[in-house]
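Report on the structure
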Protein chains: 2
Amino acid sequence: MGLLVLLLLLLAFLMPGVAIPVPPALRALSNLHLSTKFTSRPSAVTKYSKYSIHYLKQKVDHFGFKNDKHFNQRYLIADQHWKKEGGSILFYTGNEGDIIWFCNNTGFMWDVAEELKAMLVFAEHRYYGQSLPFGANSFKDSRHMNFLTSEQALADFAELIKHLKKTIPAAKNQPFIAVGGSYGGMLAAWFRMKYPHMVVGALAASAPIWQFEDMVPCGVFMEIVTADFRRSSPNCSKSIRKSWDAIHRLTRNSTGLNLVSEALHLCTSLKNSQDVQHLKDWIAETWVNLAMVDYPYESNFLQPLPAWPIKVVCQHFKNPNVSDTELLQNIFSALNVYYNYSGQAKCLNMSETSTSSLGSMGWSYQQW
Amino acid sequence: MGLLVLLLLLLAFLMPGVAIPVPPALRALSNLHLSTKFTSRPSAVTKYSKYSIHYLKQKVDHFGFKNDKHFNQRYLIADQHWKKEGGSILFYTGNEGDIIWFCNNTGFMWDVAEELKAMLVFAEHRYYGQSLPFGANSFKDSRHMNFLTSEQALADFAELIKHLKKTIPAAKNQPFIAVGGSYGGMLAAWFRMKYPHMVVGALAASAPIWQFEDMVPCGVFMEIVTADFRRSSPNCSKSIRKSWDAIHRLTRNSTGLNLVSEALHLCTSLKNSQDVQHLKDWIAETWVNLAMVDYPYESNFLQPLPAWPIKVVCQHFKNPNVSDTELLQNIFSALNVYYNYSGQAKCLNMSETSTSSLGSMGWSYQQW
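Computed from a prediction, not measured in an experiment: that's the story for all the values here. (Residues numbered from 1 in each chain as written. Chains lettered and ligands numbered in written order. Predicted model: local features only at pLDDT ≥ 70, side-chain atom pairs only at ≥ 80, totals over all residues. Heavy atoms only, no water.)

Some points on the state of the cysteines
Residues and elements named next belong to chain A. Inspection of the entire model under this criterion finds four disulfides over all chains. Between the sulfur atoms of Cys236 and its disulfide partner Cys314 the distance amounts to 2.0 Å. Negative torsions about the S-S bond denote left-handed disulfides, and the value of about -75° found for Cys236 with Cys314 makes this one left-handed. Linking Cys236 in helix α8 (residues 234-250) with Cys314 in helix α11 (residues 309-314), this pair joins segments that are 78 residues apart in sequence. A relative accessible area of 0% places Cys236 in the buried class. The connectivity of the disulfide bonds within chain A can be written as 1-3, 2-4, using the sequence rank of each bonded cysteine. (Disulfide = S-S within 2.5 Å. Helix = DSSP H or I, 4+ residues; strand = E, 2+ residues; numbered from the N terminus. Buried < 20%, exposed > 50% of the residue type's maximum accessible area, 1.4 Å probe, protein only.)

Overview of the side chain of Thr149(B)
The topology assignment puts Thr149(B) in the loop between α4 (142-145) and α5 (150-167). Here Thr149(B) is in contact with Phe63(A), Gly64(A), Phe65(A) and Gln366(B), once residues within four sequence places are set aside. (Contact = heavy atoms within 4.5 Å.)

Overview of the pairing of strand β6 (residues 176-181) of chain A
Residues and elements named next belong to chain A. When you tally the buried positions in β6, you get six out of six residues, the bulk of the element. Residues of β6 alternate between two faces, with Phe176, Ala178 and Gly180 on one and Ile177, Val179 and Gly181 on the opposite face, all of them buried. Examined bridge by bridge, strand β4 (residues 88-93) and β6 share four bridges and lie parallel to one another. Paired with Phe91 across the bridge in β6 is Ala178. (Pairing = 2+ DSSP bridges.)

A few points about the packing of aromatic side chains
The geometry of an aromatic ring pair is captured by the separation of the ring centres together with the interplanar angle, meaning the angle of the planes. Going through the model one piece at a time under the given rule, you end up with 37 aromatic pairs over all chains. Each ring, one from Tyr92(B) and one from Phe122(B), has its centre 5.6 Å from the other, and the planes form 40°; the classification is tilted. You can see Tyr92(B) sitting in strand β4 (residues 88-93) and its partner Phe122(B) sitting in strand β5 (residues 118-123), a full 30 residues away along the chain. Considered together, Tyr92(B) and Phe122(B) belong to a single accessibility category, that of buried residues. Aromatic rings pair up to connect Tyr92(A), Trp101(A), Phe102(A), Trp110(A), Phe122(A) and Phe301(A) into one cluster. Stacked on the ring of Tyr195(B), the Lys or Arg Lys194(A) has its end atom at 3.6 Å from the ring centre. (Phe/Tyr/Trp six-rings, centres within 6.5 Å; stacked < 30°, edge-to-face > 60°. Lys NZ or Arg CZ within 6 Å of the ring centre and 35° of its normal.)

As for the pairing of strand β3 (residues 70-78) of chain A
Residue and element names in this part refer to chain A. Counting buried positions over the nine residues of β3 gives seven, a clear majority of the element. Inspection of the sheet shows β3 paired to strand β5 (residues 118-123) by four bridges, in the antiparallel sense. Each residue of the ladder has a partner; that of Leu76, found in β5, is Phe122.

Digging into α8(A)
Residue and element names in this part refer to chain A. Given a rise of 1.5 Å per residue, 17 residues ought to cover 24 Å, and the 24 Å separating the end C-alpha atoms of α8 matches this to within 8%. At Ser243, α8 is deflected by roughly 30°, the largest bend along its length. For α8, the complete set of buried residues consists of Cys236, Ser237, Ser239, Ile240, Ser243, Ala246, Ile247 and Leu250. (Expected span 1.5 Å × (residues − 1). Bend = angle between axes of the 7 residues up to and from the residue.)

A word on the pattern of salt bridges
Residues and elements named next belong to chain B. For the structure on display, the rule yields twelve salt bridges over all chains. With its nearest N and O atoms 3.4 Å apart, the salt bridge here joins Asp228 to Arg231. Within this pair, Asp228 and its partner Arg231 are both found in helix α7 (residues 220-232), separated by three residues, close to a single helical turn. We note a salt bridge from Asp324 to Arg249, for which the minimum N-O separation is 2.8 Å. Placement of Asp324 in helix α12 (residues 324-339) and of Arg249 in helix α8 (residues 234-250) is noted, with a sequence separation of 75 residues between them. (Salt bridge = Lys/Arg side-chain N within 4 Å of Asp/Glu carboxyl O.)

Considering the confidence of the model for chain A
All names here are of chain A. When pLDDT is averaged along chain A, the result is 89; 86% of the residues meet or exceed 70. The low-confidence segment residues 1-21 (pLDDT under 50) makes 66 contacts with residues lying over four places distant or belonging to another chain. Low confidence marks residues 35-40, where pLDDT is under 50. Its contacts with residues over four positions away, or in another chain, come to six contacts. Scored as a whole, the predicted complex attains pTM 0.82, and scored at its interfaces, ipTM 0.76. (pLDDT = per-residue confidence, 0-100.)

Side note on a nonpolar patch on the surface
A grouping of Trp210(A), Phe212(A) and Met215(A) is seen on the molecular surface, where their side chains present a nonpolar patch of about 370 Å² in accessible area. By secondary structure assignment, the location of Trp210(A) is in the loop between β7 (201-205) and α7 (220-232). (Patch = residues over 30% accessible without salt bridge, like charges linked within 9 Å, V, L, I, M, F, W, Y side chains within 5 Å. Areas by Shrake-Rupley, 256 points an atom, 1.4 Å probe, with all protein chains shown as cover.)

Regarding the environment of Leu90(B)
Residues and elements named next belong to chain B. Relative to the helices and strands, Leu90 is located in strand β4. Here the alpha-carbon distance between Leu90 and Gly343, two residues 253 residues apart in the chain, equals 37 Å. Setting aside residues up to four positions removed in sequence, Leu90 forms contacts with Met109, Val112, Leu116, Ala118, Met119, Leu120, Val121, Ile177 and Val179.

Describing the environment of Ser354(B)
Residue and element names in this part refer to chain B. Checked against the element boundaries, Ser354 lands in the loop between α12 and α13 (360-367). A relative accessible area of 15% means that Ser354 is categorised as buried. With 51 residues separating them along the chain, Ser354 and Gln303 place their C-alpha atoms 6.0 Å apart. Those residues in contact with Ser354 that lie beyond four places of it in its chain are Asn289, Leu302, Gln303 and Tyr338.

Some remarks on the packing of helix α5 (residues 150-167) of chain A against helix α6 (residues 183-194) of chain A
Residue and element names in this part refer to chain A. With their axes 10 Å apart at the nearest point, α5 and α6 run at an angle of 65° to one another. Judged on the interaxial angle alone, α6 and α5 are roughly perpendicular. By crossing handedness, the relation of α5 to α6 is classed as right-handed. Residues Ser150, Leu154, Phe157, Ala158 and Ile161 of α5 lie in contact with α6, whose contacting residues are Tyr183, Leu187, Trp190, Phe191 and Lys194. Grouping the constituent residues of the contact of α5 with α6 by class yields eight nonpolar, one polar and one charged. (Axes fitted to C-alpha atoms, helices over the stretch in contact; angles between N-to-C directions. Parallel < 35°, antiparallel > 145°, perpendicular 65-115°, else oblique. Left-handed = near helix turned anticlockwise from the far one by under 90°. Nonpolar A, V, L, I, M, F, W, Y, C, P; charged D, E, K, R; others polar.)

Points about unusual backbone geometry
Excluding glycine, a negative phi dihedral is what most residues carry, and trans is how most peptide bonds are arranged. All names here are of chain A. Here Tyr127, not a glycine, exhibits a phi torsion of approximately 75°, which is positive. On the secondary structure map, Tyr127 appears in the loop between β5 and α4 (142-145). With phi around 45°, Ser206 is a residue other than glycine that occupies positive phi space. Note on placement: Ser206 falls in the loop between β7 and α7.

Following this line, the structure appears as structure tokens:
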């Protein structure tokens with residue numbers, strides 16, 4: 001968050017055996033020729049498009065014997081730069097969304113493929129995208145949701161790597177390296193810990209591996225989000241802090257509810273205090289998302305956005321000491337940066353905060 | 001098997017981080033002053049008796065959220081030699097039986113406790129002894145048996161270590177070392193691999209960690225058993241090999257069935273060819289057990305036995321070229337070494353091959 005915070009945890013040294021030399025592929029990964037200055041997106045989108053789609057039959061339950069059902073896990077392979085001699089395999093440990101979307105948004109792997117002579121594998125996480133253990137019934141009830149755990153997902157990855165080593169002979173003795181971001185970065189790190197014989201290392205980007213109860217103070221995440229806006233301009237974070245009370249004051253009666261609905265161009269008008277709470281939650285999540293995708297180049301991950309989108313948002317929050325209605329107008333302008341960079345939006349839809357490629361059904365369950 | 005085959009796999013080097021020095025407790029473990037010549041059991045049985053019994057509330061399912069049931073896992077603590085300063089914790093990863101029985105038969109831990117200033121913890125494996133996830137219903141059907149896996153057992157151990165570190169402050173920063181034998185040795189090794197942050201090392205004794213399909217030829221185990229008897233005397237293994245046909249010839253009719261039943265002093269007479277097959281399986285399992293407990297001192301693990309019991313058994317198999325009835329008599333004498341060393345047995349019971357402390361219900365399920 002904030003500047004380009006790409007937390008790289010190179011877990012190569014969790015290897016069995018002391019003083020085993022770092023494999024060449026991992027050494028190469030550490031010495032990659034990456035520019036540290038980004039003014040534009042470093043990789044052209046077009047080069048991501050060449051992958052083949054595959055499916056592997058996976059057990060629904062890796063840890064018990066009673067449920068003997070199976071499902072198809074989707075995975076993608078891009079082998080344009082792969083070399084059978086001296087090559088390596090970068091294995092993306094899929095997280096909470098459609099794997100094709102992650103594949104198209106993980107430029108790092110595509111950027112380094114040629115240098116590492118690497119095959120790229122993108123494995124979809126169970127209960128996301130097309131990898132649904134019980135098809136349309138996957139989210140029906142707790143019985144069907146029971147197999148949505150990180151442990152089961154890691155076991156899927158292990159089975160997939162076993163399958164690849166078996167069916168692609170030249171890959172058998174090549175180093176596999178787990179790569180993931182965010183929750184997927186946690187998975188990459190955990191995969192290296194739990195299956196140390198399957199990958200020689202793991203690269204965990206932006207992975208909050210310690211963000212658990214009793215490990216970090218529970219308010220830390222939101223403090224960092226606030227700091228990102230404050231760093232852009234102290235008046236920006238102050239304006240946002242003031243905005244909650246302003247919304248509260250403006251929505252005390254039905255006239256106010258209509259006024260706010262119109263000022264924010266909401267697709268569905270606010271009807272009551274419950275809707276107002278929903279509005280506040282939605283706006284807060286928008287600022288959180290902006291902190292997560294505050295890339296230094298134009299991008300299209302959660303939404304199409306300009307470079308440094310927080311800077312652009314904060315252009316609209318220069319003065320915190322304005323009237324409530326003026327602040328409301330500023331909120332609308334700021335929300336527009338996130339929801340209407342393309343200029344196509346007719347109204348703002350409170351039921352969405354990001355791309356539908358993220359699997360909200362599974363993620364709501366995993367997070368809470 | 002055979003001589004004192006105590007396969008020690010010191011898995012200390014599966015540690016995160018290269019070139020981390022071996023912790024003092026593990027160094028001490030490698031340098032222990034153990035005699036290599038045993039003429040009598042190295043530890044007096046009496047010294048094993050001082051332990052306290054505890055229970056920890058464990059989740060029935062560590063890998064899903066649907067089943068929120070709990071059960072009490074039993075564990076034992078012996079802390080006579082434990083020192084809060086510079087001490088360590090030896091953690092026995094319980095296997096397929098009553099934990100008190102294992103506690104009383106794991107002399108190694110008691111022998112080294114003083115030198116390592118160690119607390120001894122013996123954790124019972126779920127579905128064995130008193131640690132039954134569903135009480136009397138634990139083996140009722142596949143729904144109840146579903147949580148009997150090594151993965152769940154390892155997770156129990158991890159929760160127990162977390163609990164001990166939390167509730168025994170002086171133990172928090174002391175090194176934990178996993179110790180186990182046989183299947184429990186596999187668990188100790190796997191525990192070090194899957195939970196590298198919880199134990200600084202593992203000692204896996206007599207642990208067939210590679211004995212899986214496609215990893216070792218499937219006949220290897222029985223070949224080693226045969227070799228143990230052959231090493232005692234080639235005539236011994238030859239006699240046993242001949243005995244199967246002899247039994248077959250002797251049990252062709254009802255007279256023969258009675259004759260064999262009487263000669264072997266069976267508690268229940270043989271009635272048909274199915275009983276004869278059962279007899280052969282029972283005798284074969286007896287030889288297998290003898291190979292597993294061929295200790296160089298008098299012992300009482302699976303059964304009360306003399307030192308080097310295979311040598312004693314083979315005293316009765318000196319000549320393979322005897323008549324079928326004479327060979328039958330020799331089999332009886334040999335079986336007596338295993339089933340009647342105490343001289344108390346009135347007849348030989350084909351429904352038992354070892355102590356009832358082993359959990360046959362769970363083990364039959366885990367093995368097949």
